[in-house]
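Here is how the chains run, residue by residue.
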Amino acid sequence: MTRTFQPADPADAPIGAAPPAANGGAAAPLPTYGVDRIAAYLTEGYWAETGRGPRSFDVAPGEALTVDLSALSGAARAVAGTALDAWTAVSGIGFAAPPTGTGRADITFAEDGAGAHASTLVSEGQIYFAAVNVAEDWSDYGGYYLQTYIHEIGHALGLGHAGDYNATADHATDAHYANDSWQMSVMSYFDQDATPADDGTRLYLDTPQRADIAAIHDLYGRPAWLRGDDTTYGDGDSTGDPGMDLAPGRARTIHDGGGRDTIDLSARGADQVLDLAPGRFSDLDGARGNLGLTAGTVIEVARTGPGRDTIHGNGAANDLSGGAGDDTLHGRGGDDRLAGGPGSDRIDGGAGTDRAVFDGTVAEWDAIWDARGAAGALGLTRAATGETDRLTSVEALSFGSQELAVAALLSELSDRFGPIAPGSDAVHRAPVAALVDDDDPLPLLAADMAGPANGWAVPPGGDDRDIWTGTDDDGGAGLAAWPDPAGLPDIA
Ligand SMILES: [Ca+2]
Ligand SMILES: [Ca+2]
Ligand SMILES: [Zn+2]
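Per chain, residues are indexed from 1 in the order of the written sequence. Chain labels run from A onward and ligand labels from 1 onward, assigned in the order the entries are written. This being a predicted model, a pLDDT of at least 70 is required before a residue's local features are given, and a value of 80 or more before pairs of side-chain atoms are given or counted; all residues contribute to the totals for chains, interfaces and linings.

Visitor: Sorry, what's going on with the sheet that holds strand 8 (residues 252-254) here?
Guide: Sheet strands line up and pair through hydrogen bonds in the backbone, either parallel or antiparallel. Pairing within the open sheet is mixed, and its three strands lie in the order 8-12-11. Of all the strands in the sheet, just strand 8 and strand 11 (281-282) have a single pairing partner and so form its edges. At least two DSSP bridges between two strands are needed for those strands to be called paired. Where helices and strands are cited, they refer to DSSP runs of H or I of at least four residues and of E of at least two residues respectively, numbered from the N terminus. In terms of strand pairing, strand 11 meets strand 12 (residues 291-293) through two bridges, oriented antiparallel. Counted as the bridge partner of F281 is G292 from strand 12.

Visitor: Before we go on, may I ask you to explain the environment of G115 in this structure?
Guide: As for its placement among the helices and strands, G115 is situated in the loop between strand 4 (107-110) and strand 5 (116-123). Residues with at least 20 neighbouring C-beta atoms inside 10 Å of their own are called buried, those with 12 or fewer are called exposed, and the rest are partly exposed, where every C-beta is derived from the backbone. For G115, a count of 17 C-beta atoms within 10 Å gives the class partly exposed. Taking the C-alpha atoms as reference points, G115 and A167, 52 residues apart in sequence, are found 9.8 Å from one another.

Visitor: Honestly, the nonpolar core in this entry has me stumped. Any pointers?
Guide: Generally speaking, a soluble globular protein has its nonpolar side chains buried in company with each other. In terms of nonpolar packing, the biggest core is built from 68 residues, with I38, L42, A80, A83, V132, Y149 and I153 touching the most fellow members. Within the residue set of this core, elements represented by two or more residues are helix 1 (35-49), strand 2 (64-68), helix 2 (74-91), strand 4, strand 5, strand 6 (126-134), helix 3 (143-156) and helix 5 (210-220). Sorting elements by how many residues they give to this core places helix 2 first, with nine residues. C-beta atoms are placed from the backbone for every residue, and two residues are taken to be in contact when these atoms lie within 7 Å. For Y149, the residues in contact, after removing those within four places along its chain, are V79, A80, A83 and V134. Grouped together as the second largest cluster of nonpolar side chains are 53 residues, L293, A367, I368 and F399 included. Nonpolar cores are identified as sets of buried Ala, Val, Leu, Ile, Met, Phe, Trp, Tyr and Cys residues joined via C-beta atoms within 7 Å.

The structure is reproduced here in structure tokens:
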């Protein structure tokens, strides 16, 4: 058996300090790679293109590699420890000091060499030892210092670069695919600004990114128990792992194995755009694309603050709260609970049996019934404030402990004001409580949320047009031309 000592990365350049030139060339457009293809490049493609084979340690999630940090200063040791924690959080592989008296650690760290680089001793695909050096003066690079440690540990664990480059690279000439970027991989040489295919704000990374996480799972397995409990991210972070407080000014990716999980941004004033669909990026705290979710991550609960926020749910039963401000909540699939909070909100339940939750009592709210156009639209306005929530694909309304079926409310409105007819210009307003207290009172919603399974599938007038089902994102005609409720006659 022959063993060769192969420098994985002889001279990673300080790309954070000297970003590559912008793409100014006129080359043919590059393809966009999916996460799995980038991951395959990290584990195999890079090594093949540089004449080497794939490699990994003989270790499994739940086990630990030994690390020797004794050559590092205290500050470097802390940053290296944070970077190791970031890898443990997504791989389940621990890192521990070797027992005294034993031989060389699996990964040895140094900072007395120039630059940043990693080497691995590989035989027949197995890594026996790895060495990481991040020069001490890289601490001058601010947030890039941690990102560099995450990158070099990625090499130590068996990952190559995100393209066939080393030491220096230019996206225009060296990238294999348009989205070769820090947004997808900490093993990329290209920051978010250097990458035309992603619109992310240039920010340093606190974690391995989506392709890195897929790659490390390809090499070592993907344990379902990673953050498998009920986890909170953002304010009140329950993990203590690097980046999971979602602090402004950094970028990161969440990987979560299960449980009922929460992203809490309710104490922050920025206008948040939070997309909980697995595999999507969100725009947090005024930056773009600075939160990624892996394909296996399902976040159920999200809360935003006083800004003008947009929260998109996922296929799970989401509980979304916009806080103050004029927010847009989009439940997507699953039986969702959507609380717009103060402000005039857009509430779109999407598929499933969804409940819109209102502040105050039912006596404080009027129903707005917009019969203009072929598609009807329902809204609720709070008489004291004039705040109006526009509802699409919502099946139930909740006021404190009182719940109403939207189908019954629509039926009541239809009885009073007539069915929706194309070309009608009618907009009606009536206190919800008056509808409830009518001679033919609205039934309170049964505990099982009985009602149409999807959309407002109760056609007033009895025809079969799907007039109550709004579109998912931009609303129907009735929503687009919403009236000022203050100008409507109170006819109830
Ligand atoms: Ca979890
Ligand atoms: Ca808000
Ligand atoms: Zn490298």
